[in-house]
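Listed below, chain by chain, are the residues.
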Amino acid sequence: TNDRKESTKWIRRGVECKDKIEKLSDLASTWNFQNKLYLLQAEEQFCSRNFGMAETLYDAAILSSKMHKFVNEEALANELAGHFYLETGRRNRSGHYFSQAFE
């Protein structure tokens, strides 16, 4: 179906972006790209339904963003983690992440 083709296209595109960020993290600046890599990996695991790994990676993205003072990226990671918890039926937990994104 068209929806499946479209979804596959975007997942493939996300993996390509993640691979590029991973190379930049390894070659250029781990400090600058680590949080971005964790967030892309979390999204990939969410799409693959590896929810336990996704949880770990969302939290790693949030922590890395906070440690490196990337305030906007910390908010984004919290927002996406909130959507993750909402989509996986954990509404109460999602509220924490959404409120952190807002702060």
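Refer to the structure printed above.
Residues numbered from 1 in each chain as written. Predicted model: local features only at pLDDT ≥ 70, side-chain atom pairs only at ≥ 80, totals over all residues. Heavy atoms only, no water.

Attention shifts here to the overall build of the protein chain. Tallying secondary structure elements over the protein chain gives five helices and zero strands in all. Reading the protein chain from its N end, one meets helices and strands in the order α-α-α-α-α. Relative to the globule expectation of 13 Å for 103 residues, the C-alpha radius of gyration of the protein chain, 14 Å, shows essentially globular dimensions. For the protein chain, the spread of C-alpha atoms along the principal axes amounts to about 45 × 40 × 20 Å. Counting only residues that meet the buried cut, the protein chain has 29% of its 103 residues in that class. The long-range share in the protein chain, meaning contacts at least 24 apart out of those at least 6 apart in sequence, stands at 37%. Carbon together with sulfur atoms contributes 54% to the accessible area of the protein chain, which is approximately 7000 Å² in total. Here the protein chain contributes 15 positive and 15 negative side-chain charges, whose respective centroids are spaced 3 Å apart. (Helix = DSSP H or I, 4+ residues; strand = E, 2+ residues; numbered from the N terminus. Rg over C-alpha atoms; globule rule 2.2 N^0.38 Å. Buried < 20%, exposed > 50% of the residue type's maximum accessible area, 1.4 Å probe, protein only. Contact = heavy atoms within 4.5 Å. Areas by Shrake-Rupley, 256 points an atom, 1.4 Å probe, with all protein chains shown as cover. Lys, Arg positive; Asp, Glu negative; His and termini not counted. Charge placed at Lys NZ, Arg CZ, Asp CG, Glu CD.)

The full count for this structure, using the stated rule, is zero disulfides. No disulfide involves Cys17; its sulfur sits 13 Å from the nearest other cysteine sulfur, which is in Cys47. Its relative accessible area of 35% is what places Cys17 among the partly exposed residues. (Disulfide = S-S within 2.5 Å.)

So, about the nonpolar core. Side chains of nonpolar character tend, in soluble globular proteins, to be buried together. Tyr58 and Phe84 are the most contacted members of the largest nonpolar core, which has 13 residues in total. Ignoring anything within four residues of it in the chain, the contact list for Tyr58 reads Leu39, Ala42, Glu43, Phe46, Ala77, Leu80, Ala81 and Phe84. (Core = buried A, V, L, I, M, F, W, Y, C linked by side-chain atoms within 4.5 Å.)

A side chain of one charge can pair with a side chain of the opposite charge when the charged atoms of the two come close. Evaluated as defined, the whole model comprises seven salt bridges. The shortest N-O distance in the salt bridge between Glu44 and Lys18 comes to 3.2 Å. You can see Glu44 sitting in helix 2 (residues 30-47) and its partner Lys18 sitting in helix 1 (residues 2-27), a full 26 residues away along the chain. Glu55 is paired through a salt bridge with Arg93; the nearest N and O atoms lie 3.6 Å apart. (Salt bridge = Lys/Arg side-chain N within 4 Å of Asp/Glu carboxyl O.)

With that out of the way, let us pick up helix 3 (residues 51-67). Taking 1.5 Å of rise per residue, the 17 residues of helix 3 would be expected to cover 24 Å, and the 24 Å separating its terminal C-alpha atoms lies within 8% of that figure. Those residues of helix 3 lying buried are Ala54, Glu55, Leu57, Tyr58, Ala61, Ile62, Ser64 and Ser65. Immediately beyond the C-terminal end of helix 3, within one or two residues, lies Lys69, with a positive phi of roughly 60 degrees. (Expected span 1.5 Å × (residues − 1).)

Two numbers describe how helix 4 (residues 71-87) lies on helix 5 (residues 91-102): the axes approach to 7 Å, and their chain directions differ by 165 degrees. The angle between helix 4 and helix 5 places the two elements in the roughly antiparallel class. Where helix 4 crosses over helix 5, the two elements pack in a sense that is left-handed. Residues Ala75, Asn78, Glu79, Ala81, Gly82, His83, Tyr85 and Leu86 of helix 4 pack against Arg91, Arg93, Ser94, Tyr97, Phe98, Gln100 and Ala101 of helix 5. Its residues assigned to classes, the contact of helix 4 with helix 5 comprises seven nonpolar, five polar and three charged. (Axes fitted to C-alpha atoms, helices over the stretch in contact; angles between N-to-C directions. Parallel < 35°, antiparallel > 145°, perpendicular 65-115°, else oblique. Left-handed = near helix turned anticlockwise from the far one by under 90°. Nonpolar A, V, L, I, M, F, W, Y, C, P; charged D, E, K, R; others polar.)

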